[in-house]
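Descriptive analysis of the structure
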Amino acid sequence: MEATSQTKMDYIEPLEAQLEKNRKELSEVEEKLNKSGNMLQAILQTINEIVIVFDKDLNIKMINRQVNFRDKKCHEFFFGVPGVCEDCPVLRTIQEKKSISVEKVIRNEYYRIQTHPLTNLQGEVEGVIEVSRPITGEKAREQQLFHADKLSSLGLLVSGIVHEINNPNAYICGNIPIIREAFKAIFPILDEHVRQNPGFQVARLDYSLFKENVTLMLDDMIQGCSRIQNILGSLKSFTRRPEGLLSERVELNDVVNEGMRLVYNTMKRMAVIHTDLQEGLPGVKGNRDKLIQAFVNLMINAWQAIKKEKGNIWVKTQFEPKDNCVCLSICDDGCGMGEFAKAQIFNPFFTTKKEGTGLGLSIVAKIIGEHNGRIDLKSEVGTGSTFTLRLPVES
Ligand SMILES: Nc1ncnc2c1ncn2[C@@H]1O[C@H](COP(=O)(O)OP(=O)(O)OP(=O)(O)O)[C@@H](O)[C@H]1O
Ligand SMILES: [Mg+2]
């Protein structure tokens, strides 16, 4: 009996010792794991990008932000929708077992989203790591650069054409009034001639018909020439090189007050203009006249967008400490724009107006670009539009 229990003890003791050793090792491993887990969390917290780990059922397992995501799926947590989003890059990564990089617009912000599969030793996808960062500012700068590039090559082409049209148009503009004047002097002589020669024709027209129409035709020509002159004027502003005149200290409220003096009388019949100008705004470095031109162009567009009897235009200036910039917004309750127009309006010659050149906003974009500023637009058909200019404060 004693011998048997001794034998048992001989077996059990080393097993227990081994168990204790394993337990100790396990708890050391556990501690190390915890430590590296905490370290990973700490590292992830310092990263600007949003890093999320998903399991293969799209449940959020980890996120480097202080948010409560427990038991939530991506689409529930971020978008509040019950089903997986269309073109979900996480789902695609699970299905296609490869890294994916996409750009997405989420609540009016552009994001670059990169997803990578997390695989086990057998090469099966067990989850996905997603890294995303907001790129709205980057996108805006990229678009502005692209636009500036397009504008500069177009500018070269257009300035040649402007020059070619300007000279002949100047002769026509100058000479037609003289011809008109000349006809006034000649008509009594021709009247006398017709009395003596009934049936007298000019340019295959009965004289009376010719006389009736020629003045109208000349008036139309004068109007046409002056329209060409106006268009050439806009084209010249559009193609003008940035002169070295961006060195003044400009007060944004000054720009608004001066611009308003130019447009107020014409606009007041069709629009109530509300102004809300923040006092004591810091100055910006630039060219006052050009900024006035940009403001006036935006005001004219706002006014022309008002199709009802009387609409509203709100003009507001303010300092935005977060971006250290001054901000000017022009908001109207006019016709607004659809997605197609919104994508086109800064393209030179895009217009929806019978008499428009489509250069007003290109000029605005050029001027604001020269000032290192930014233009944002919000617009909805039937509700109105808001153009917001942001200019960096003079350093
Ligand atoms: N505030 C606004 N509301 C609605 N649509 C607008 C507004 N501002 C601009 N647009 C649209 O953008 C187009 C382009 O504007 P832009 O100022 O460049 O040219 P335009 O006004 O048509 O012509 P121009 O300025 O030469 O008279 C307009 O034709 C219009 O369709
Ligand atoms: Mg315009």
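If you're wondering where the values come from, they're calculated on a predicted model, not measured in any experiment. (Residues numbered from 1 in each chain as written. Chains lettered and ligands numbered in written order. Predicted model: local features only at pLDDT ≥ 70, side-chain atom pairs only at ≥ 80, totals over all residues. Heavy atoms only, no water.)

Some remarks on the site of ligand 1
- Taken together, 21 residues are adjacent to ligand 1, and Asn 301, Thr 351, Thr 352, Lys 353 and Thr 357 come closest.
- Contacts to ligand 1 include Lys 353, whose side-chain N or O atom sits 2.6 Å from an oxygen atom.
- Note that an oxygen atom of ligand 1 is positioned 3.2 Å from one of the backbone N or O atoms of Gly 358.
- When ligand 1 is considered free in solution it has 590 Å² of accessible area, and contact with the protein chains removes 91% of it.
- No other element matches helix α7 (residues 288-305), which puts four residues into the shell around ligand 1.
- A per-class count over the shell around ligand 1 returns nine nonpolar, 10 polar and two charged. (Near = heavy atom within 4 Å. Polar contact = N/O pair within 3.5 Å; in protein donor to acceptor, adjacent residues only side chain to side chain. Areas by Shrake-Rupley, 256 points an atom, 1.4 Å probe, with all protein chains shown as cover. Helix = DSSP H or I, 4+ residues; strand = E, 2+ residues; numbered from the N terminus. Nonpolar A, V, L, I, M, F, W, Y, C, P; charged D, E, K, R; others polar.)

Things to note about the packing of aromatic side chains
- One pass over the structure, following the stated rule, counts five aromatic pairs.
- Through pairs of rings, three or more aromatic residues link up here, namely Phe 183, Phe 187 and Phe 210.
- A cation sits over an aromatic face here: Lys 211 above Phe 187, 5.5 Å from the ring centre. (Phe/Tyr/Trp six-rings, centres within 6.5 Å; stacked < 30°, edge-to-face > 60°. Lys NZ or Arg CZ within 6 Å of the ring centre and 35° of its normal.)

A few points about the domain arrangement of the protein
- Its domain assignment divides the protein into domain 1 (13-138), domain 2 (142-239) and domain 3 (248-392).
- Listed as interface residues are 13 residues of domain 2 and, on the opposing side, 17 residues of domain 3.
- Between domain 2 and domain 3 the total buried area reaches about 1,100 Å² when both faces are included, carbon and sulfur atoms providing 64% of it.
- On the surface where domain 2 and domain 3 come into contact, there are zero salt bridges.
- At the boundary of domain 2 with domain 3, the tally comes to one residue pair in polar contact (both at pLDDT 80 or more).
- Within the residue set of the side of domain 2 that touches domain 3, elements represented by two or more residues are α4 (136-196) and α5 (207-239).
- At seven residues, α5 tops the list of elements feeding residues into the side of domain 2 that touches domain 3.
- In terms of residue class, the side of domain 2 that touches domain 3 is made up of six nonpolar, five polar and two charged. (Domains from an automatic or database assignment. Contact = heavy atoms within 4.5 Å. Buried area = accessible area lost by both parts, 1.4 Å probe. Salt bridge = Lys/Arg side-chain N within 4 Å of Asp/Glu carboxyl O.)

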